[in-house]
Amino acid sequence: MELKGKTVLVTGSSRGLGAAIAVAFAQKGANVVLNARHEPEKIEKQIQALGVKCYFIKADIADAAAVDQMMTKITELGLQIDILVNNAGINRDQLFMQMNEDDFCKVIDTNLVGTYRVTQPLFKQMLTKRAGVIINLASVVGVHGNLGQANYAASKAGMIGLTKSIAKEGARRNVRCNAIAPGMIQSDMTKEINERRQKEIKKQIPLRRLGTPDEVAQCALFLAENDYLTGEVLTVDGGMTM
C-alpha cells in the first residue's frame, strides 16, 4: 500500500506508542486522525508541520457512546479511514489472587471491547470499499502470560484472536488485519521501574535493552505497506520470548 494521501486513525495517540505511530505515518505522507482522552497538542503540531492533514477527536474507547460520536465526527469531516491502528489501552496490574472484578473488567472493557467498538464500524466500511488495513497493538504477555497481569494478558490474547478472525473474514475483500506484540518498550510506565529491576529485565532480553516507540512504529508501517501480510502477530521484543 502506498501511504501518501491515505488516512490513518490511531487510537490512544496523545503520547507513547500511539504518538510515535501517528508521526511515522505522517512522515510517509498519510493524513492522521488522532484519538485520545486528552489533548495531544505537541503531536498535533508536529504532524501538521509535516504538511499533512491532522485531526483530533477526543473519545474514551471504553465509552460506547463516545465511540459512536467519534464515528459520527469522522463522517461529518468527510473522512474515509484507510488504516486503523488500535493502540489505546490501560493496565491495572495485580496478582490474580488479589485482583478485584472491577479492575479485571475495566481492562477487558477498554483493551478488548474498546477495540471491538472502534473496529466494527470501520471494518464494515472497509469491506464495502474492498480495501483497508487494521493493526492491533497486542503484547507478548498476550502470548505467554505474565505474573500480576492476568487481566492485561487476557485482553491482549483476546486481541490476537480477534486479529486472526478479522483477517479471515476480511481477506476475501482485500481487508487485512495484523497485530504487533511489543515486549518491554520505553514508556512512562517503564520509567517508573527502579534501576535495579530495569537491569534485571535487560538481562532477560538478548539485545540487552528496551525497545523504543519508534521501532514499534516502523513495524506498523511495514504491516500497512506489505499487501501480502494478514493474520500475523509480529513480536517486537528484542528476542526476549524466543
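Rules of the game
Residues numbered from 1 in each chain as written. Predicted model: local features only at pLDDT ≥ 70, side-chain atom pairs only at ≥ 80, totals over all residues. Heavy atoms only, no water. UniProt positions renumbered as here; feature names shortened; annotations may be inferred. Helix = DSSP H or I, 4+ residues; strand = E, 2+ residues; numbered from the N terminus. Buried < 20%, exposed > 50% of the residue type's maximum accessible area, 1.4 Å probe, protein only. Contact = heavy atoms within 4.5 Å. Polar contact = N/O pair within 3.5 Å; in protein donor to acceptor, adjacent residues only side chain to side chain. Pairing = 2+ DSSP bridges. Axes fitted to C-alpha atoms, helices over the stretch in contact; angles between N-to-C directions. Salt bridge = Lys/Arg side-chain N within 4 Å of Asp/Glu carboxyl O.

1. Describing the UniProt feature "binding site: NADP(+)" (unreviewed entry) in the protein
Moving on, step 1. The positions UniProt marks with the feature "binding site: NADP(+)" (unreviewed entry) are Gly-12, Ser-13, Ser-14, Arg-15, Asn-87, Tyr-152, Ala-153, Ala-154, Ser-155, Lys-156 and Ile-185. Spanning 174 residues, the named residues do not form one spatial group; their C-alpha atoms are separated by as much as 24.7 Å.
Moving on, step 2. Relative to the helices and strands, Lys-156 resides in helix α6 (residues 150-170).
Moving on, step 3. Judged by relative accessible area, Lys-156 falls into the buried class, the value being 3%.
Moving on, step 4. Once you skip the residues sitting within four places of it in the chain, Lys-156 turns out to touch Asn-111, Leu-137, Ala-138, Ser-139 and Gly-142.
Moving on, step 5. Mapped onto the elements of the fold, Ile-185 is located in the loop between β6 (175-182) and α7 (188-191).

2. Some details on the environment of Thr-115
Moving on, step 1. Counting through the fold element by element, Thr-115 comes out in helix α4 (residues 101-129).
Moving on, step 2. Overall, Thr-115 belongs to the buried group, its relative accessible area being 1%.
Moving on, step 3. On a C-alpha basis, the gap between Thr-115 and Leu-137 in space is 9.8 Å, while along the polypeptide they are 22 residues apart.
Moving on, step 4. A polar contact is formed between the side chain of Thr-115 and the backbone oxygen of Asn-111, at a distance of 2.6 Å.

3. Concerning the environment of Gly-51
Moving on, step 1. Inspection of the secondary structure puts Gly-51 in the loop between α2 (41-48) and β3 (54-58).
Moving on, step 2. Residues Gly-51 and Thr-235 lie 184 residues apart in sequence; the distance between their C-alpha atoms is 32 Å.

4. Observations concerning the sheet that holds strand β4 (residues 83-86)
Moving on, step 1. The strand order across the open sheet formed by seven strands is β3-β2-β1-β4-β5-β6-β7, and the pairing between neighbours is parallel. Each of the sheet's edge strands pairs with one partner strand only, and the pair in question is β3 and β7 (233-236). If you compare each strand with its neighbour and ignore which way they point, the axes differ by 15 degrees on average.
Moving on, step 2. Bridge analysis of β4 against strand β5 (residues 132-137) gives four bridges, and the strand direction is parallel. Bridge pairing in β5 places Asn-86 opposite Asn-136.
Moving on, step 3. The strands touched by α4 are β1 (7-11), β4, β5 and β6; relative to β4, the strand with the most contacts, the crossing angle is about 165 degrees.

5. Here's the deal with the UniProt feature "active site" (unreviewed entry) in the protein
Moving on, step 1. UniProt records the feature "active site" (unreviewed entry) for Tyr-152 in the present numbering.
Moving on, step 2. Tracing the backbone through its elements, the reader meets Tyr-152 in helix α6.
Moving on, step 3. If sequence neighbours within four positions are ignored, Tyr-152 has contacts with Ile-90, Asn-91, Val-107, Asn-111, Ser-139 and Val-141.

6. Digging into the pattern of salt bridges
Moving on, step 1. Tallied over the full model, the rule gives nine salt bridges.
Moving on, step 2. The partner of Glu-200 in a salt bridge is Arg-197, and the shortest N-O contact between them spans 3.2 Å. Taken together, the residues Glu-200 and Arg-197, both in helix α8 (residues 195-203) and three residues apart, mark about one turn of the helix.
Moving on, step 3. You can call Glu-200 partly exposed: its relative accessible area is 30%.

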